[in-house]
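# A structural walkthrough
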Amino acid sequence: MKTPTKLQPEELLRYSRHLNLPEVGIAGQERLKAARVLLVGTGGLGSPLGLYLAAAGVGTLGLVDFDKVDESNLQRQVLYSQRDLGRPKTEAATERLSGVNPFIRIVPHELRLTSENALELFDGYDIIVDGTDNFPTRYLVNDACVLTGKPNVYGSIFRFEGQVSVFWGARGPCYRCLFPEPPPPGLVPSCAEGGVLGVLPGIIGSLQANEVLKLLLQQGEPLIGRLALFDALKMKFRELRLRKDPECPICSAEPAQRELIDYDQFCGLKEEAPMETPNEIDLEPQTLAEWLQKGQPVTVLDVRNPHEYDICRIEGAKLVPLYELQSRLDELPQDHPIVVQCHHGPRSSQATAFLRQSGFPQAWNLAGGIDRWSLEIDASIPRY
């Protein structure tokens, strides 16, 4: 971190509640002003992180995101409002955070974090905060932090549960010590599919912000070597002790990996060849619409959960939740096509592959799920 930066007279009143804390004081607040923190992701976790770190007086906040504000974000991403719909998140977040604290600098990085840009980007910051929601980026953030020697303040959320830790390969375990390999593609549903309680990112993101401030102030006991688990329904915290893996491929004494890799490939998201040749399993929404319009025999199989089916459905679709599919194969026809759909596509892809292996060669996956169907075919179907 840079040499502490002297506070301006106007900042003394703004930070007075900090200055009254012996653990912070003038010296600590000047350390915060000199600090440079990079937020990877400005969504659910990035919103409380940005707001509290800006208010606390962290001098430079970098924001990495390439997404635009969508209406489905507003249930939990409190950085944004209705008027921000369609704007780049980094643009809207920069404007909001600059209004929170005019004495700090906001640096937007409107880009996708990749193996090509991560090391150079991380090098300009003291602490990296992981507010992402996908495995390739989590492994990329971890590995880039290890290679640049930066602490990685990690958080994740799903449904009603969250996790927080500080992964710092130089002082303790890294993310790969806890999760050496990612789960198989499609095994863990995304928040878009599984849902998330709106207040949960506020809780977990605030805990991450707390860890950032502790690290910068060099106070308290950071979550290095510890994983905090939170259950919102039970209102309970648990803690797991983490050990550094002596054979970790990235942070061990003799690492096997000394540079960043292709993380989509590492997480199994790229395939060297199509899933099936010559027939792909994906079916375009327009093709299904033409089949239905012509009255061709076709079964639309909805493998979402019942509560999702209650929100919206393709007219005439048969509901068989994915977890019931294996026990209900006898309900499905074999003499005409079955088009399987879920919300965005991952669950239906898994179901389609299973059906083909189970003797249903005319099973197809509706590309993009009911969400794309709503966008391209039937706007009367509400999106969620």
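Above this text you will find the structure in question.
In what follows, the accompanying structure is described. (Residues numbered from 1 in each chain as written. Predicted model: local features only at pLDDT ≥ 70, side-chain atom pairs only at ≥ 80, totals over all residues. Heavy atoms only, no water.)

Because each turn of an α-helix spans 3.6 residues, side chains separated by three or four positions end up pointing in the same direction. The set of residues buried in helix α12 (residues 285-294) consists of Pro285, Leu288, Ala289 and Trp291. Seen along its axis, α12 keeps its buried residues to an arc of 160 degrees; they face one direction. In α12, the exposed residues that point more than 90 degrees away from the buried face are Gln293 and Lys294. On its buried face, α12 sits against β9 (282-283), β10 (299-302), β12 (338-341), β13 (363-366) and α15 (369-376). Just beyond α12, the residue with positive phi is Gly295, at close to 75 degrees. (Buried < 20%, exposed > 50% of the residue type's maximum accessible area, 1.4 Å probe, protein only. Helix = DSSP H or I, 4+ residues; strand = E, 2+ residues; numbered from the N terminus. Arc of directions from axis to C-beta. Contact = heavy atoms within 4.5 Å.)

Another point: the packing of α12 against α15. Here α12 crosses α15 at 75 degrees, and the two axes come no closer than 10 Å. With respect to their mutual orientation, α12 and α15 come out roughly perpendicular. Residues Pro285, Leu288, Ala289 and Leu292 of α12 form the contact with α15, whose participating residues are Arg372, Trp373 and Glu376. Its residues assigned to classes, the contact of α12 with α15 comprises five nonpolar, no polar and two charged. (Axes fitted to C-alpha atoms, helices over the stretch in contact; angles between N-to-C directions. Parallel < 35°, antiparallel > 145°, perpendicular 65-115°, else oblique. Nonpolar A, V, L, I, M, F, W, Y, C, P; charged D, E, K, R; others polar.)

With five of seven residues buried, strand β6 (residues 161-167) lies mostly within the body of the structure. Where strand β5 (residues 152-158) meets β6, seven bridges bridge the pair, whose relative direction is antiparallel. Opposite Ile157, over in β6, you have Gly162 as the bridge partner. Connecting the antiparallel pair β5 and β6 is a turn made up of two residues, with Arg159 showing a positive phi of about 55 degrees. (Pairing = 2+ DSSP bridges.)

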